[in-house]
Amino acid sequence: MRITLVHRTFTPRRFSLRAVGTTSALLCLATLFPQVASACATCGCTLSTDAATGYSTVSGWRLNVDYTFIDQDQLRRGSSKASPRQVVEQPSDPSLGGGEIEKQTVNRYINFAAAYRFNADWGLTFVVPYVIRDHDTYGTQLAPYTPAETAPDRVSDAHVAGLGDVKLIGSYQGFLPMHNLGVQFGIKLPTGHYGGQTDDGDLIGHPTTFHSGPSLGQSLDSSLQAGTGSTDLIVGAYYYQPVSQNFDMFVNGQFQAAVSERMDRPGADFRPGNLASASVGLRYEAHADWVPQLQINLIHRNADQGAFADRPDTAGTVAYLSPGISASLTRNLQFYAFVQVPVYSRLQGYQLFPRWTATVGLSMQL
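Residues numbered from 1 in each chain as written. Predicted model: local features only at pLDDT ≥ 70, side-chain atom pairs only at ≥ 80, totals over all residues. Heavy atoms only, no water.

Trainee: Please give an account of the overall build of the chain that cites residues and values.
Mentor: Looking only at helices and strands, one finds two helices and 17 strands in the chain. Residues counted as buried form 56% of the 366 residues belonging to the chain. Sequence separation of 24 or more characterises 75% of the internal contacts of the chain that already satisfy a separation of 6 or more. (Helix = DSSP H or I, 4+ residues; strand = E, 2+ residues; numbered from the N terminus. Buried < 20%, exposed > 50% of the residue type's maximum accessible area, 1.4 Å probe, protein only. Contact = heavy atoms within 4.5 Å.)

The following block contains the structure:
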């Protein structure tokens, strides 16, 4: 039960990709929030807000805040919809004799970020995510399936609200005279609450537990907590180029992998799956103060590992089509808004999936 997700950065006003060098593309795919989780390892917002606000090489501070809404209310397997009966009678792990019927996961993410560019070549960004998540599940049911298993009184509810895993991302973009090629390098720290529950009922870490339903008092899945309990390394790269008088294009990518886990005891371990993301897009720069744009965002995640992991239901590949716009509210303040629509999915096991996601944000140069 997992998802993931998103990126943030800042730029002064409506700087054109070609009018300025490159941005502190620090957050190019960096704001993948804590491994945002639910029954979908690959659902998060993969939007590149570096490109959304326009790349910049201007030195000094920039502040960014954005809000992302993801409602995972569709049960899917592979590339198609799935039913509760399929979950129970055609389980991802046949040895269990059944499967967990998840109902819905509503995710709300608020990202706060501060970026400092030392000069046109070097930059550093600090990202602090706040996670709000409501998860509903009917729990694990054994075959054969009966409609009574998805009755209202079978729903268990959990609410997560707290600091996620913060990120520190550096960038270097001095390879080319136009500063339009850059690399990223950073780390994700285990600052968010994390945890799980052993087969003996012992709670490990500081997990959120269900507050109602048959699962009352039991730990929410480790992948659905505000944090993962892991330290992750992040590497990435980006490139942009004007393609005509009014159009700019960009491409970027990032890879994230856990290198250390706090939950590492036998029978009580958890390691989030490796995550690879890529985005490509166009910006229409004909207008001075508002810029329509379109992105294609790809994300692939490997399965989570460990005794606390839902390994059969956490891997997959998803592609999103993301139309949006950025607008200059003042000389140093930008607003941006995007909608992401999934156009391709290949999910491992059964995962909750969103029909759409939305992101709005403000970016200010100090």
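From this point, things continue past the structure.
Trainee: Just give me the short version of the pattern of salt bridges, but keep the residues and values in it.
Mentor: In total, this model carries seven salt bridges according to the counting rule given. Here Asp134 and Arg108 are joined by a salt bridge, their closest N and O atoms 3.4 Å apart. Linking Asp134 in strand β4 (residues 122-142) with Arg108 in strand β3 (residues 98-117), this pair joins segments that are 26 residues apart in sequence. Across the pair Lys188 and Asp165 runs a salt bridge, and its minimum N-O distance is 2.7 Å. Here Lys188 is found in strand β7 (residues 181-188), whereas its partner Asp165 is found in the loop between β5 (156-163) and β6 (167-172), with 23 residues between them in sequence. Residue classification places Lys188 among the buried positions, given a relative accessible area of 0%. (Salt bridge = Lys/Arg side-chain N within 4 Å of Asp/Glu carboxyl O.)

Trainee: Hey, could you go over the side chain of Arg117 for me, with residue numbers and the actual values?
Mentor: Its location among the elements puts Arg117 in strand β3. Only 3.4 Å separates the side chain of Arg117 from the backbone oxygen of Asn119, close enough to count as a polar contact. Side-chain polar atoms of Arg117 contact the backbone oxygen of Trp122, separated by 3.3 Å. (Polar contact = N/O pair within 3.5 Å; in protein donor to acceptor, adjacent residues only side chain to side chain.)

Trainee: Quick one: what's the story with the pairing of strand β15 (residues 290-301), residue by residue and with numbers?
Mentor: Side-chain alternation along β15 places Val291, Gln293, Gln295, Asn297, Ile299 and Arg301 on a buried face and Trp290, Pro292, Leu294, Ile296, Leu298 and His300 on a face that remains uncovered. Taking the residues that link successive antiparallel strands as the turn, the strand β14 (residues 275-284)-β15 hairpin has five residues. (Pairing = 2+ DSSP bridges.)

Trainee: If you had to explain the nonpolar core to someone new, which residues and values would you point to?
Mentor: Listed in full, the 10 residues of the largest apolar core are Leu75, Ala82, Val87, Val88, Ile101, Tyr138, Tyr145, Val155, Tyr350 and Leu352. Looking at this core, the elements that each hand over two or more residues are α2 (84-89) and β17 (333-365). Once you skip the residues sitting within four places of it in the chain, Val155 turns out to touch Lys103, Asp136, Thr137, Tyr138, Ser212, Gly213 and Pro214. Grouped together as the second largest cluster of nonpolar side chains are nine residues, Ile70, Val131, Phe210 and Leu224 included. (Core = buried A, V, L, I, M, F, W, Y, C linked by side-chain atoms within 4.5 Å.)

Trainee: Just give me the short version of the packing of aromatic side chains, but keep the residues and values in it.
Mentor: According to the stated counting rule, one finds seven aromatic pairs in the structure shown. Judged by centre distance (4.6 Å) and plane angle (50 degrees), the ring pair of Trp122 and Tyr172 falls under tilted. Pair noted here: Trp122 is in strand β4 and Tyr172 is in strand β6, with a separation of 50 residues, a long-range link. A relative accessible area of 39% places Trp122 in the partly exposed class. Between Tyr172 and Phe175, the aromatic rings sit 5.0 Å apart at their centres with planes inclined by 85 degrees, giving edge-to-face as the arrangement. Among the residues examined, Tyr172 registers a relative accessible area of 21% and is labelled partly exposed. (Phe/Tyr/Trp six-rings, centres within 6.5 Å; stacked < 30°, edge-to-face > 60°.)

Trainee: Any chance you could break down unusual backbone geometry for me, citing the residues and the numbers?
Mentor: Generally, phi is negative for residues other than glycine and the peptide bonds are trans, each holding for most cases. Cis geometry is found at the peptide bond from Ala143 to Pro144, where omega equals 0 degrees. Looking at the secondary structure, you find Pro144 in the loop between β4 and β5. With phi around 55 degrees, His179 is a residue other than glycine that occupies positive phi space. On the secondary structure map, His179 appears in the loop between β6 and β7.

Trainee: Any chance you could break down the environment of Leu321 for me, citing the residues and the numbers?
Mentor: With respect to the secondary-structure elements, Leu321 resides in strand β16 (residues 316-328). Using a relative accessible area of 35% as the deciding quantity, one classes Leu321 as partly exposed. When the C-alpha positions of Leu321 and Gly281 are compared, they lie 9.7 Å apart, and in sequence the two are 40 residues distant. When residues no more than four places from it in sequence are discounted, the contact partners of Leu321 are Leu294, Gln295, Ile296, Val339, Gln340, Val341 and Val343.

Trainee: Any details on the environment of Ala158? Residues and values, ideally.
Mentor: Inspection of the secondary structure puts Ala158 in strand β5. Judged by its relative accessible area of 2%, Ala158 is buried. Expressed as a C-alpha distance, the spacing of Ala158 and Arg133, which sit 25 residues apart in the sequence, is 8.1 Å.

Trainee: Describe in detail a nonpolar patch on the surface, supporting the description with residues and values.
Mentor: A contiguous nonpolar patch, built from Val251, Val280, Leu294, Ile296, Leu298, Leu321, Val339, Val341, Val343, Tyr344 and Trp356 and spanning about 880 Å² of accessible area, is present on the exposed surface. At the level of secondary structure, the elements contributing two or more residues to the nonpolar patch comprise β15 and β17. Here the nonpolar patch gets five residues from one element, more than from any other, and that element is β17. (Patch = residues over 30% accessible without salt bridge, like charges linked within 9 Å, V, L, I, M, F, W, Y side chains within 5 Å. Areas by Shrake-Rupley, 256 points an atom, 1.4 Å probe, with all protein chains shown as cover.)

Trainee: I'd like a rundown of the environment of Asp134, residues and numbers included.
Mentor: Judged by its relative accessible area of 27%, Asp134 falls in the partly exposed class. Sequence spacing of Asp134 and Gln104 is 30 residues, and the spatial spacing of their C-alpha atoms is 8.0 Å. Among residues more than four places away in sequence, those in contact with Asp134 are Gln104, Thr105, Val106, Arg108, Ala158 and His159. Separated by 3.4 Å, the side chains of Asp134 and Arg108 make a polar contact. A polar atom in the side chain of Asp134 sits 2.6 Å from the side chain of His159.

Trainee: Which residues make up the pairing of β3, and what are the values?
Mentor: Bridge count for strand β1 (residues 60-78) against β3 is 13 bridges, and the pairing is antiparallel. Across the sheet, residue Gly60 finds its bridge partner in β3, namely Arg117. Here β3 hands over to β4 after four residues, the two strands then running antiparallel side by side.

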